[in-house]
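# Examining the three-dimensional arrangement
If you want the building blocks of each chain, they are given just below.
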Amino acid sequence: MISRKPTVLVVGASGVIGGNHVARLAGRDDVDVIALARRPPDSAAANVAPLPLDLLAEDHGGVGAGLTAVSHLVYAAYIDAPDWQAQRAPNLKLFQAALDLAARHCPALRHVTLLQGMKAYGSHLGPFKTPAKESDPRLSQGHFYDDQEDALRAGALRSGWTWTALRPHVVVGPARRSPQNLIAVLAVYAALEKAAGRVLSFPGPAAAFDAVYQATDADLLSRAIEWAGTSDRTHGEVFNITNGDFFRWRNVWPLLAEVFEMPDAGPEPRRLSDTIADADARWSALVTQHGLEANRLADLVSWSFADYVFNTTWDVMADTLKCRQAGFLEFVDSERMLVDRLTEMRRRALVP
């Protein structure tokens, strides 16, 4: 007999989105969780079952028996590539593999939640219409978000389950193996600069320092994911999910420097992927010196992602009216979030 208690299969459970969703559901008695990743996070919670699996491997072994109770699938996996065009084929293939796994082994599946982002509106290409709305037309250049959404719609028609797509921006939360994580970028950058005796300068141009920006707290996004899977008003819909406010780096930069007890400075344009070439050795020295949790720098930070964020010289703003009209009314103060998350990383001995 298939259990009526929801069982959530989180694909991409080692990343900042999937990992935080697993962690927030861990320990609850009203839901079971299957954390799927090549290296799923450890959890002592009785309701969390890790599933180490490479979706692109030809042989999935005996995973089927463990997935029969899955009622909800949350897809938060991602394959990086040098540019957005090169990302299309591998990310569609990975998502299709997840849908194929569900079609073969998840007879109780009711809902799929797909994680997208602001690149659906061209935030990675240059200035775009703001505030971005879910009704805006697709990019003429295409993006793997579109490819995945088309596959999602087709799968729903074949199998009868419902779906929702959520669009956050630069998700912020604790993660050990999610290099595209803004808070880890900020923390490691500040730690390396402090160790070198430097001030905390903004590693981008003045236009980026002054542009309007936004972010999404990982816990807020997790609550939105749960809402998407349990509300009838989300079926077949796309929603922007951000903290609900905006900020400029100029205004928050002194607050971030204060967390690390560093003098702050304005823009000092530099490409971190070029100028911190020796960071691996320097980071290893800091880990030893301060007794930090052992983490490879490549697992914590993507400097190319950092360059993308700090060189965004145009406004990034999403309209979140649609999710509020549908019943998701939560919000987070972004300035407070950045300070709290940095403080949390230091307290957990992830950075000095």
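Here the residue numbers are simple positions, counted from 1 along each chain's written sequence. Predicted model: local features are reported for residues with pLDDT of at least 70 only, side-chain atom pairs are reported and counted for 80 or more only, and whole-chain, interface and lining totals are derived from all residues. Based on all heavy atoms of the structure, the side-chain values leave hydrogens and waters out of the count.

## Some details on the pattern of salt bridges
Quick note on the threshold: The term salt bridge refers to a pairing of a side-chain nitrogen on Lys or Arg with a carboxyl oxygen on Asp or Glu at a separation within 4 Å. Only DSSP runs of H or I with at least four residues qualify as helices, and only runs of E with at least two residues qualify as strands; both kinds are numbered from the N terminus onward. Relative accessibility thresholds used throughout: buried, under 20% of the residue-type maximum; exposed, over 50%; partly exposed, between the two (1.4 Å probe, protein chains only).
Evaluated as defined, the whole model comprises 25 salt bridges. Measuring nitrogen to oxygen at the nearest pair gives 2.7 Å for the salt bridge that ties Arg 28 to Glu 226. With Arg 28 in the loop between helix H1 (16–25) and strand S2 (32–37) and Glu 226 in helix H6 (residues 218–230), the pair connects residues that are 198 residues apart, well separated along the chain. In this structure Arg 28 comes out as partly exposed when scored by relative accessible area, which is 24%. With a relative accessible area of 26%, Glu 226 lands in the partly exposed category. Its salt-bridge partner being Glu 268, residue Arg 198 comes within 3.1 Å of it at the nearest N-O pair. Note that Arg 198 is positioned in the loop between helix H4 (182–195) and strand S8 (200–202) and Glu 268 in the loop between strand S11 (264–267) and helix H8 (272–275), a separation of 70 residues in sequence.

## Comments concerning the packing of H4 against helix H9 (residues 279–290)
Going by this rule: Throughout, an axis means a line fitted to C-alpha atoms (over the contacting stretch in the case of helices), and angles, computed between N-to-C directions, take values from 0 to 180 degrees. Any angle between 65 and 115 degrees counts as roughly perpendicular, while under 35 counts as roughly parallel, over 145 as roughly antiparallel, and the rest as oblique. Whether two residues are in contact is decided by their heavy atoms, any of which lying within 4.5 Å being enough. In this classification, the charged set is Asp, Glu, Lys and Arg, the nonpolar set is Ala, Val, Leu, Ile, Met, Phe, Trp, Tyr, Cys and Pro, and all remaining amino acids, among them Gly, are polar.
Contact geometry of H4 with H9 gives a least axis separation of 11 Å together with a crossing angle of 85 degrees. One finds that H4 runs roughly perpendicular with respect to H9. Within the contact between the two elements, H4 uses Val 188, Ala 191, Leu 192 and Ala 195 and H9 uses Ala 279, Arg 282, Trp 283 and Leu 286. Tallied by class, the residues present in the contact of H4 with H9 amount to 7 nonpolar, no polar and 1 charged.

## Here we look at the layout of surface pockets
Convention followed: Any residue with an atom within 4 Å of a point lines the site, the site being either a cavity, points on a 1 Å grid over the protein atoms alone where a 1.4 Å probe fits but cannot get out, or a pocket, an open set with protein on both sides within 12 Å along at least 5 of 7 lines. Grid points are joined across faces, edges and corners, and a volume is the space filled by probe spheres set on the points.
The computed volume of the largest pocket comes to approximately 1300 Å³. In terms of lining, the largest pocket is formed by 42 residues, of which the most central are Ala 76, Ala 77, Tyr 78, Ile 79 and Ser 178. When the residues that make up the lining of the largest pocket are grouped by side-chain class, the tally is 24 nonpolar, 11 polar and 7 charged.

## A closer look at the side chain of Ser 123
For clarity, the cut-off: Identification of polar contacts relies on pairs of N or O atoms within 3.5 Å, with a donor-acceptor requirement for protein atoms, meaning one able to donate a hydrogen and the other able to accept it, and with residues adjacent in sequence counted only if both atoms are side-chain atoms.
Along the chain, the position of Ser 123 falls in the loop between strand S5 (111–115) and helix H3 (144–159). Accessibility expressed as a relative area gives 1% for Ser 123, which makes it buried. In terms of polar contacts, Ser 123 uses its side chain to reach the backbone carbonyl oxygen of Met 118, at 3.3 Å.

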